[in-house]
Amino acid sequence: MNPLAGPAGPGKFSTRTDNLQMGSIAYGEGVETAAIKSGAPLARTPDVRPEPVTELFAPTQRPNEPITSGIDLGAGPGSESLMMTQSTEKLSDTLAKLLPFDTTGEITILYQQAASRGL
């Protein structure tokens with residue numbers, strides 16, 4: 001251990017105490033590493049910068065879209081534009097399908113509660 005290097009700290013403050021350089025020529029890996037790198041193009045990291053946040057009182061980014069778009073009220077497309085399917089099946093019907101697989105009795109309790117409430 002190199003006494004001048006000091007102790008290794010956590011995270012970005014960590015330091016190597018053995019002075020080992022990965023892929024270093026000191027261990028005879030420099031030529032091999034260069035040959036491997038030249039064999040195929042290295043992968044590139046995609047651009048992961050977040051989009052800028054629109055401030056609360058900033059001008060609209062969609063001036064031609066009604067404010068009521070996406071809800072079933074007023075101008076613009078309704079909730080069908082969100083492509084979320086509405087279930088017409090009752091909760092008790094869904095739980096009834098699970099009853100044959102209920103090994104703990106918990107689904108039976110939930111089924112009885114849902115059925116008693118008409119859900």
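None of these values were measured; they are calculated from a predicted model.

Draft legend 1. Inspection of the overall build of the protein at higher detail. The helix and strand inventory of the protein stands at three helices and zero strands. In sequence order, the secondary structure elements of the protein are arranged as α-α-α. Long-range pairs, those at least 24 residues apart, make up 7% of the contacts in the protein between residues at least 6 apart in sequence. A total accessible area of about 11,000 Å² is found for the protein, and carbon and sulfur atoms account for 60% of it.

Draft legend 2. Structural detail: the environment of N64. Considering the arrangement of structural elements, one finds N64 in the loop between α1 (30-39) and α2 (91-98). Here N64 falls in the exposed class, since its relative accessible area comes to 79%. Spatially, the C-alpha atom of N64 lies 10.0 Å from that of G76, the residues being twelve residues apart in sequence.

Draft legend 3. How the structure looks around the packing of α2 against helix α3 (residues 106-116). It is the contact of α2 with α3, at a shortest axis distance of 9 Å, that shows an interaxial angle of 155 degrees. Our classification of the angle between α2 and α3 gives roughly antiparallel. Seen from above, α2 lies across α3 with left-handed handedness. Contact with α2, carried on its side by L91, S92, L95, A96 and L98, involves I107, L110, Y111, A114 and A115 of α3 and no other residues of that element. For the contact of α2 with α3, the residue count by class is nine nonpolar, one polar and no charged.

Draft legend 4. Structural detail: the side chain of D102. Tracing the sequence through the fold places D102 in the loop between α2 and α3. For the buried residue D102, which engages in no salt bridge, the nearest side chain bearing the opposite charge is K97, 17 Å off. Sequence-distant contacts of D102, defined by excluding residues within four places in its chain, comprise I107 and T108.

Draft legend 5. Just the side chain of T68, in detail. Mapped onto the elements of the fold, T68 is located in the loop between α1 and α2. T68 sits in the buried class, given a relative accessible area of 19%. Apart from residues lying up to four places away in sequence, T68 is in contact with L73, G74, A75 and P77.

What counts and how
Residues numbered from 1 in each chain as written. Predicted model: local features only at pLDDT ≥ 70, side-chain atom pairs only at ≥ 80, totals over all residues. Heavy atoms only, no water. Helix = DSSP H or I, 4+ residues; strand = E, 2+ residues; numbered from the N terminus. Contact = heavy atoms within 4.5 Å. Areas by Shrake-Rupley, 256 points an atom, 1.4 Å probe, with all protein chains shown as cover. Buried < 20%, exposed > 50% of the residue type's maximum accessible area, 1.4 Å probe, protein only. Axes fitted to C-alpha atoms, helices over the stretch in contact; angles between N-to-C directions. Parallel < 35°, antiparallel > 145°, perpendicular 65-115°, else oblique. Left-handed = near helix turned anticlockwise from the far one by under 90°. Nonpolar A, V, L, I, M, F, W, Y, C, P; charged D, E, K, R; others polar. Lys, Arg positive; Asp, Glu negative; His and termini not counted. Salt bridge = Lys/Arg side-chain N within 4 Å of Asp/Glu carboxyl O.

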